[in-house]
Number of protein chains: 2
Amino acid sequence: MSRRNAPKSVIKRLPVYLRILDNLIRRDVEIISSRVLSEETGFTAEQIRKDLAYFGAFGTRGTGYNTTYLREKLLRIIGLDKETKLVVVGVGHLGKALTRYNITKNPYVKVVGIFDANPKEHGSEIEGHKVMSMEEMPRVIKEHDVKVAMITVPAEPAQDVVDQLVENGITAILNFAPTKLHVPEEVHVHNADLTIELQSLIYYTLEDEKKNYAE
Amino acid sequence: MSRRNAPKSVIKRLPVYLRILDNLIRRDVEIISSRVLSEETGFTAEQIRKDLAYFGAFGTRGTGYNTTYLREKLLRIIGLDKETKLVVVGVGHLGKALTRYNITKNPYVKVVGIFDANPKEHGSEIEGHKVMSMEEMPRVIKEHDVKVAMITVPAEPAQDVVDQLVENGITAILNFAPTKLHVPEEVHVHNADLTIELQSLIYYTLEDEKKNYAE
DNA sequence: CATTGTGAACGGATTCACAGCC
DNA sequence: GGCTGTGAATCCGTTCACAATG
């Protein structure tokens, strides 16, 4: 069955399923029902079945899903069946931590270039990877045919950095800079904005205090 | 006009508006139309007007919105008109970086406690704040009446940490641990999961390669 | 008979279109 | 005239209910 254009919300859930399956397989669980997946993920069983059905019929009626088989299908669907190359731009505290996290914890992803505008950082190492100058970025992206970038620069230079990335062939950007990025339609941006998450969370702490907002 | 129960999607956009307003005010812009806000945020002008209308009529027909006035309203709506106290649990590389980020970049938020299970971290400082043992957490939360927590512990201990937080009165959790947290209905969790963001992004890099997934 | 896979019904959020107002 | 505020129409994702099937 071929890929129908699944909604974004579905795509965001696929990595969750993958993570649960990894855990189950580690515990030698071979079969899993949508009901149990539901308990593990917090999504409804119907939703899980429908999500998977966007890409094919992977289960067995009356039984459930084979964990190993489903995991392999998900890897293929998400695009993790082959290693994804990644460049990182910006190595402040957060950039360093996130880069380290990706290098050590994300087996499906390979960091092939780390860049920063600050010359003081050039040549320093993060988990054995040297930080390079921005000038080297185009060469590295082309050399490895990189499509995915993570940026953790401040808000001000972010758009300029993104323009350079897009110009050199990047089509997917994980943005930690606290700003809206403008990119061509074919380029995908996922924003991971700490401040927005935290502030919208704070909203709910006063949810029950029924207050007035005009005057 | 009083707060009607606005959808989650609206709440997530409020901090975006706030950030744009902060920038505009810094540039001495006094009036802004929903159309220009639309260009700055990427949301449609109608959506912006509707979002704001959930909380009141803050604009002037024929003119637009007064930036300073709207900013103040938004601060009040989100709950940022008074300082929000925050505790942090887990100070690995990522926890340290995020804590630093909050202390230095988030003026509306005040970190009142940083905790870690690892005794080696106890007494070490992050931007002048001492890291404490988990045993001190209940006291600090009660002393400051803290409602919001950020957790950056590994997946395994995350649920246990969350249970402790909830037990001590935390009602809002920003979760960086790569796992689903189970909490009572009245507790709000926002997940900020790097791996999920990155993996779902990778999906889109192969969007155009029309492939088959069942064999 | 348990569980998947799926068309139909539902509901919530976005967009449309325009009335209301400065 | 221009821009906000908003009911109505639309779109899209979730839930429901059940047919299909190992």
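Residues numbered from 1 in each chain as written. Chains lettered and ligands numbered in written order. Predicted model: local features only at pLDDT ≥ 70, side-chain atom pairs only at ≥ 80, totals over all residues. Heavy atoms only, no water.

The predicted model of chain A has a mean per-residue pLDDT of 94, with 94% of residues at 70 or higher. Segment residues 210-215 of chain A: pLDDT under 50, and 17 contacts once partners within four positions in sequence are set aside and those in other chains are kept. (pLDDT = per-residue confidence, 0-100. Contact = heavy atoms within 4.5 Å.)

Examined at the domain level, chain A breaks down into domain 1 (8-78) and domain 2 (84-198). Domain 1 of chain A and domain 2 of chain A are separated by 30 Å when their C-alpha centres are compared. (Domains from an automatic or database assignment.)

Mapping chain A onto chain B calls for a rotation angle of 180° and an axial translation of 0.0 Å; the resulting RMSD is 0.1 Å. Expressed as a symmetry operation, the mapping of one chain copy onto the other fits a two-fold axis. Most of the interface of chain A is mirrored in chain B: 100% of its interface residues are interface residues there too. (Least-squares fit on C-alpha atoms with pLDDT ≥ 70 in both.)

So, on to the protein's contact with DNA strand D. Near DNA strand D lie 25 residues; those nearest to it are A:Arg61, B:Ser34, B:Arg49, B:Lys50 and B:Tyr65. Among atoms of DNA strand D positioned within 4 Å of the protein, sugar and phosphate together represent 60%. Note that a phosphate oxygen of DNA strand D is positioned 3.0 Å from one of the side-chain N or O atoms of A:Arg13. Note that a phosphate oxygen of DNA strand D is positioned 2.9 Å from one of the backbone N or O atoms of B:Gly59. Among the secondary structure elements, those contributing two or more residues to the surface near DNA strand D are helix H1 (8-26) and helix H3 (45-53) of chain A together with helix H3 (45-53), strand E2 (59-60) and strand E3 (64-66) of chain B. The class makeup of the residues in the surface near DNA strand D is 5 nonpolar, 12 polar and 8 charged. (Near = heavy atom within 4 Å. Polar contact = N/O pair within 3.5 Å; in protein donor to acceptor, adjacent residues only side chain to side chain. Helix = DSSP H or I, 4+ residues; strand = E, 2+ residues; numbered from the N terminus. Nonpolar A, V, L, I, M, F, W, Y, C, P; charged D, E, K, R; others polar.)

Residues and elements named next belong to chain A. A two-sided burial pattern is seen for strand E8 (residues 148-151), the buried positions comprising Val148 and Met150 on one face and Ala149 and Ile151 on the other. The pairing of strand E4 (residues 84-89) with E8 spans 4 bridges and is classified as parallel. Within the sheet, the bridge partner assigned to Val89 lies in E8 and is Ile151. The β-α-β motif built from E8, the intervening helix H7 (residues 155-167) and the parallel element strand E9 (residues 172-175) has right-handed crossover chirality. (Buried < 20%, exposed > 50% of the residue type's maximum accessible area, 1.4 Å probe, protein only. Pairing = 2+ DSSP bridges. Right-handed = clockwise from strand over helix to strand, strands pointing away.)

Residues and elements named next belong to chain A. Ordered by their spatial adjacency, 3 strands build an open sheet running E1-E3-E2, and the pairing between neighbours is antiparallel. Where the open sheet ends on each side, the last strands, each with one partner, are strand E1 (31-32) and strand E2 (59-60). Sheet topology places E1 next to strand E3 (residues 64-66); 2 bridges connect them, and they run antiparallel. By the bridge assignment for E3, Ile32 is matched with Tyr65.

What follows is about the packing of aromatic side chains. For the coordinates displayed, the defined rule picks out 9 aromatic pairs over all chains. Each ring, one from A:Tyr17 and one from A:Phe43, has its centre 6.1 Å from the other, and the planes form 90°; the classification is edge-to-face. Taken together, the positions of A:Tyr17 in helix H1 and A:Phe43 in the loop between helix H2 (34-41) and H3 put the pair 26 residues apart, joining distant regions of the chain. Among the aromatic residues, those joined into a ring-pair cluster are A:Tyr54, A:Phe55, B:Tyr203 and B:Tyr204. Geometry around A:Phe43 places A:Arg13 over its ring, the cationic atom sitting 5.6 Å from the centre. (Phe/Tyr/Trp six-rings, centres within 6.5 Å; stacked < 30°, edge-to-face > 60°. Lys NZ or Arg CZ within 6 Å of the ring centre and 35° of its normal.)

All names here are of chain B. Taken together, the buried positions of helix H6 (residues 137-144) are Met137, Val140 and Ile141. In an axial view of H6, the angular spread of the buried residues amounts to 100°, which keeps them on one side of the axis. Exposed residues lying more than 90 degrees from the buried face of H6 are Lys142 and Glu143. With its phi angle positive at about 50°, Asp145 sits one or two positions after the end of H6. (Arc of directions from axis to C-beta.)

The next subject is the environment of A:Val111. Residue and element names in this part refer to chain A. Topologically, Val111 is positioned in strand E5 (residues 109-115). Given a relative accessible area of 5%, Val111 falls into the buried group. Considering only alpha carbons, one finds Val111 and Thr99, 12 residues apart in sequence, at a separation of 7.9 Å.

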